[in-house]
Amino acid sequence: MSLSLSDLKNNFNSKLQNLQTETQLKDLQEEYLGKKWLLKGILAGIKDLSNQEKKTIGVESNTLKEYILQELQKKSAEIQATRIQKQIESETLDVTAQFPSRSLGHKHPISITTELLEDIFISLGFRVEDGPQIETEKFNFDMLNIPDNHPARDVWDTFWISDDINSQRKPGDKYLLRTHTSPVQVRTMLREELPIKIIVPGRVFRYEQEDARHTCNFYQLEGLVVGEGVTFWDLKWTLDTAMKSLLWDQTKTRFRPSIFPFTEPSAEVDVSCQICNGTGKIAEKNCSMCSGTGWVELLGSGMVHPFVLEWCGIDPEKYSGFAFGMGIDRIAAQRFGVSSSRAFYQSKLKLNEQF
Ligand code: PHE
């Protein structure tokens, strides 16, 4: 016998110790237990031995074979455990790891202003209403005392929905992009019980030549109060209080007679310009927000026209109401000191992020 069983065991043990990978382990298994296994050589030599010796060697070699098998299995389990451990370590998720922070974005100045206005009016007892941006001619004009032939229609340069759709519809049912939030007055009066005290913030559309104060879509906030004994004084107090708390206590309001077909009497309300502090000038030049007048026209208002009340099923002899509609963009420009409300629609992060 060239190799004794104990030599074989020692060799195996030292090889096993140095083993690192599963491939090496497979090779070792092949070497000791495979087709050409080393034990085979030993067993081949036993034919010359005595019966007793044959028996002993047979038993010992079987024991050795068992031993090798067991050791290989143990080692295989060890290698696998080490591999899994390493993998776990390399894949660990470090929840405390620092990453370059990503900006979350923030509210647009018009949204900020809308929310401020909502807070102010809610504190005065108003409720927030909503209405569709695609309106019918009936609600946007007819029910507001602006019939088809009325010259006031020209004031609201209207975007009509395409002829393909509108030519199939009856007058009054024709669609347009609402030119103001006033149709929601009508929708609410038709639907709700009195008293009504609502504000309606929303987007409106006009076919405008754009400049510092005009954009073809902008935001309005409509107000409507209807009930018994509502007066023009209530309107003045409400708007003056709201503007003072929105801008600053020194803000002055100015009511100028005006005409709106759906209010009578009507007034346009200006506030003292905060860009130029009511002086009309910035560095010797005319302030572009107020065109050098020191006043900014912020809203239209008036007592709800008796026709409008009547058409909505409300007795104008018994009830009265006031309404107003303000441009949120202009208020945002005033509040944040931005000289052109058009800037709000230019997606300039540098501007928006300042507020
Ligand atoms: N809807 C009018 C406009 O867009 C504003 C307004 C609202 C006037 C309510 C009077 C009453 O110009």
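Residues numbered from 1 in each chain as written. Predicted model: local features only at pLDDT ≥ 70, side-chain atom pairs only at ≥ 80, totals over all residues. Heavy atoms only, no water.

**Q** So what exactly am I meant to see when it comes to the overall build of the protein here?
**A** Secondary structure assignment for the protein yields twelve helices and twelve strands. Relative to the globule expectation of 20 Å for 355 residues, the C-alpha radius of gyration of the protein, 44 Å, shows a markedly less compact shape. When the backbone C-alpha atoms are referred to their principal axes, the protein occupies close to 135 × 55 × 40 Å. Scored against the burial criterion, the 355 residues of the protein give a buried share of 41%. About 20,500 Å² of surface is accessible on the protein, with carbon and sulfur atoms providing 51% of the total. (Helix = DSSP H or I, 4+ residues; strand = E, 2+ residues; numbered from the N terminus. Rg over C-alpha atoms; globule rule 2.2 N^0.38 Å. Buried < 20%, exposed > 50% of the residue type's maximum accessible area, 1.4 Å probe, protein only. Areas by Shrake-Rupley, 256 points an atom, 1.4 Å probe, with all protein chains shown as cover.)

**Q** Honestly, the domain arrangement of the protein in this entry has me stumped. Any pointers?
**A** Think of interface size as the accessible area that goes away when the parts come together; that is how it is often given. Per the domain assignment, the segments of the protein are domain 1 (2-91) and domain 2 (109-129 + 197-352). If you average the C-alpha positions of domain 1 and of domain 2, the two centres end up 92 Å apart. (Domains from an automatic or database assignment.)

**Q** Before we go on, may I ask you to explain the environment of phenylalanine 355 in this structure?
**A** Counting through the fold element by element, phenylalanine 355 comes out in the segment after helix H12 (349-352). C-alpha of phenylalanine 355 to C-alpha of phenylalanine 336: the two residues are 19 residues apart in sequence and 7.5 Å apart in space. Those residues in contact with phenylalanine 355 that sit more than four places away from it in its chain are His106, Pro109, Ile112, Phe336 and Val338. (Contact = heavy atoms within 4.5 Å.)

**Q** Sorry if this is basic, but what is going on with the pattern of salt bridges here?
**A** Here the structure, examined in full by the defined rule, presents 17 salt bridges. We note a salt bridge from arginine 191 to glutamate 129, for which the minimum N-O separation is 3.0 Å. Residue arginine 191 is found in helix H8 (residues 183-191), and its partner glutamate 129 is found in the loop between strand S1 (127-128) and strand S2 (134-136); the two are separated by 62 residues along the sequence. One salt bridge in this structure joins aspartate 270 and arginine 256, with 2.8 Å as the shortest N-O distance. Of this pair, aspartate 270 sits in strand S8 (residues 263-272) while arginine 256 sits in strand S7 (residues 253-260), and the two are 14 residues apart along the sequence. Aspartate 270 gets classed as buried once you look at its relative accessible area, which sits at 2%. Using a relative accessible area of 27% as the deciding quantity, one classes arginine 256 as partly exposed. Where salt bridges share partners, they join Arg127, Glu129, Arg191 and Glu192 into one cluster. (Salt bridge = Lys/Arg side-chain N within 4 Å of Asp/Glu carboxyl O.)

**Q** How do you make sense of the site of the ligand when you look at a structure like this?
**A** The immediate surroundings of the ligand are formed by 15 residues, with His180, Ser182, Arg206, Gln220 and Gly325 found nearest. One of the side-chain nitrogen or oxygen atoms of arginine 206 is found 2.8 Å away from an oxygen atom of the ligand. Interatomic distance of 2.9 Å between a side-chain N/O atom of glutamine 220 and an oxygen atom of the ligand. The fraction of the free accessible surface of the ligand (320 Å²) that becomes covered by protein chains is 93%. More than half of the atoms of the ligand fall within 2 Å of the grid points belonging to the largest pocket. Counting residues per element, the ones that place at least two in the shell around the ligand are strand S6 (217-227), strand S11 (295-304) and strand S12 (320-327). If you tally residues by element for the shell around the ligand, the top one is S12, at three residues. (Near = heavy atom within 4 Å. Polar contact = N/O pair within 3.5 Å; in protein donor to acceptor, adjacent residues only side chain to side chain. 1 Å grid on protein atoms, 1.4 Å probe; cavity = no way out; pocket = protein on both sides within 12 Å on 5 of 7 lines; lining within 4 Å. Sits in = over half its atoms within 2 Å of the grid points.)

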